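Report on the structure
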Amino acid sequence: MIHVNSEEHCVENNRSLLNFSSTVWYGGDNQLLTEHLIQLLPESIQHYPEPDGATLRKMIARRHELSEQNIVITNGPTSAFYLIAQAFAGKKVLIPVPSFSDYEDAMRRYNFDIRLVSNLTPIEEWPLDEVDFCFLCTPNNPDGRIMSHSELIRLVSKHPNVNFIIDQAYANYTTTNLLKPGASKQYSNIITVWSFSHTYSIPGLRIGYIVANKSITEELSKYIIPWSVNTLAIEAAKYILIHPAQFTLPIRKCRGLHKSLSLS
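Predicted, not measured: the structure shown is a model, and the values here were computed from it.

Another aspect to go through is the sheet that holds strand S5 (residues 92-97). Here seven strands make up an open sheet; going across it, the order is S4-S10-S9-S8-S7-S5-S6 and the pairing mixed. Two strands close off the open sheet at either side, each with one partner strand: strand S4 (71-74) and strand S6 (113-118). Neighbour-to-neighbour, the strand axes of this sheet turn through a mean angle of 20°, independent of strand direction. Relative to strand S9 (residues 190-195), strand S8 (residues 163-167) runs parallel, the two being bridged by four bridges. Bridged to Asp167 within S9 is Val193.

Shown next, in the form of structure tokens:
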């Protein structure tokens, strides 16, 4: 008999199994992070956060050898999609489906001309010459489709006039070589969106960031709401960047378990 308990994993005959229906990794131990945030809590709630997460921006930029001007801190990845939609309202966008519903919701709110295309359609047949933006999620939510680094580079190189919004919230869930944040330095039409929430089991804190060419981030900055990311979320992200070894996902082990379950 299998059931799902409150710790977001399955139990079968007293054996602990992973729940692959969740987009958030709940298998890690956040005890040290929790203790760190508890220590910061009294001071954190008495002061405003940084208006634009400047300290975190510096840390992310340093980690990926980028300029701080390439980074925009957001209140989670979903906030990033709405910010992009607001900054470029009324443009034309292509969204491969099935995909995360907030892509379409955000674009619709800001009057984008939305074109949908099936993920099963060969990329060569996508109407990219007709749009200004294209959403990509790799690994894709909900079907798990992955576009390799070489596939992505061929695509963005072939269509330099299309801005590709690439959702990397699940990038750490695969061993496939995907885009790195630094890709925007070479390809000005790449906008990557990253999340601390999914990989590090902190979805309640809402913290993510956008990496893009300076011309893109300058436009986004016009619509950023000051102090929109709270202090505890920023401090959690900073802690994660300083202590990466505490948050390494056992991806190869998970893949092996998933394979064994599929064969059983």
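Counted according to the given criterion, the structure contains ten aromatic pairs. Ring plane angle 80° and centroid distance 5.8 Å describe the contact between Phe81 and Phe135, whose orientation is recorded as edge-to-face. Placement of Phe81 in helix H3 (residues 77-87) and of Phe135 in strand S7 (residues 133-137) is noted, with a sequence separation of 54 residues between them. Like Phe135, Phe81 is buried. Geometrically, the ring pair formed by Phe196 and Tyr209 is tilted, given 5.7 Å between the ring centres and 45° between the ring planes. Residue Phe196 is located in the loop between S9 and strand S10 (208-211), and its partner Tyr209 is located in strand S10; the two are separated by 13 residues in the primary sequence. Neither Phe196 nor Tyr209 differs from the other in exposure class; each is buried. Aromatic rings pair up to connect Phe81, Phe100, Tyr103 and Phe135 into one cluster.

Take the packing of H3 against helix H4 (residues 101-109) next. Contact geometry for H3 and H4: axes closest at 8 Å, N-to-C directions at 30°. The angle between H3 and H4 places the two elements in the roughly parallel class. Where H3 crosses over H4, the two elements pack in a sense that is right-handed. Between H3, through Thr78, Phe81, Tyr82 and Ala85, and H4, the contact on the second element is made entirely by Asp102, Tyr103, Asp105, Ala106, Met107 and Arg109.

Cut-offs applied
Residues numbered from 1 in each chain as written. Predicted model: local features only at pLDDT ≥ 70, side-chain atom pairs only at ≥ 80, totals over all residues. Heavy atoms only, no water. Pairing = 2+ DSSP bridges. Helix = DSSP H or I, 4+ residues; strand = E, 2+ residues; numbered from the N terminus. Axes fitted to C-alpha atoms, helices over the stretch in contact; angles between N-to-C directions. Phe/Tyr/Trp six-rings, centres within 6.5 Å; stacked < 30°, edge-to-face > 60°. Buried < 20%, exposed > 50% of the residue type's maximum accessible area, 1.4 Å probe, protein only. Parallel < 35°, antiparallel > 145°, perpendicular 65-115°, else oblique. Left-handed = near helix turned anticlockwise from the far one by under 90°. Contact = heavy atoms within 4.5 Å.

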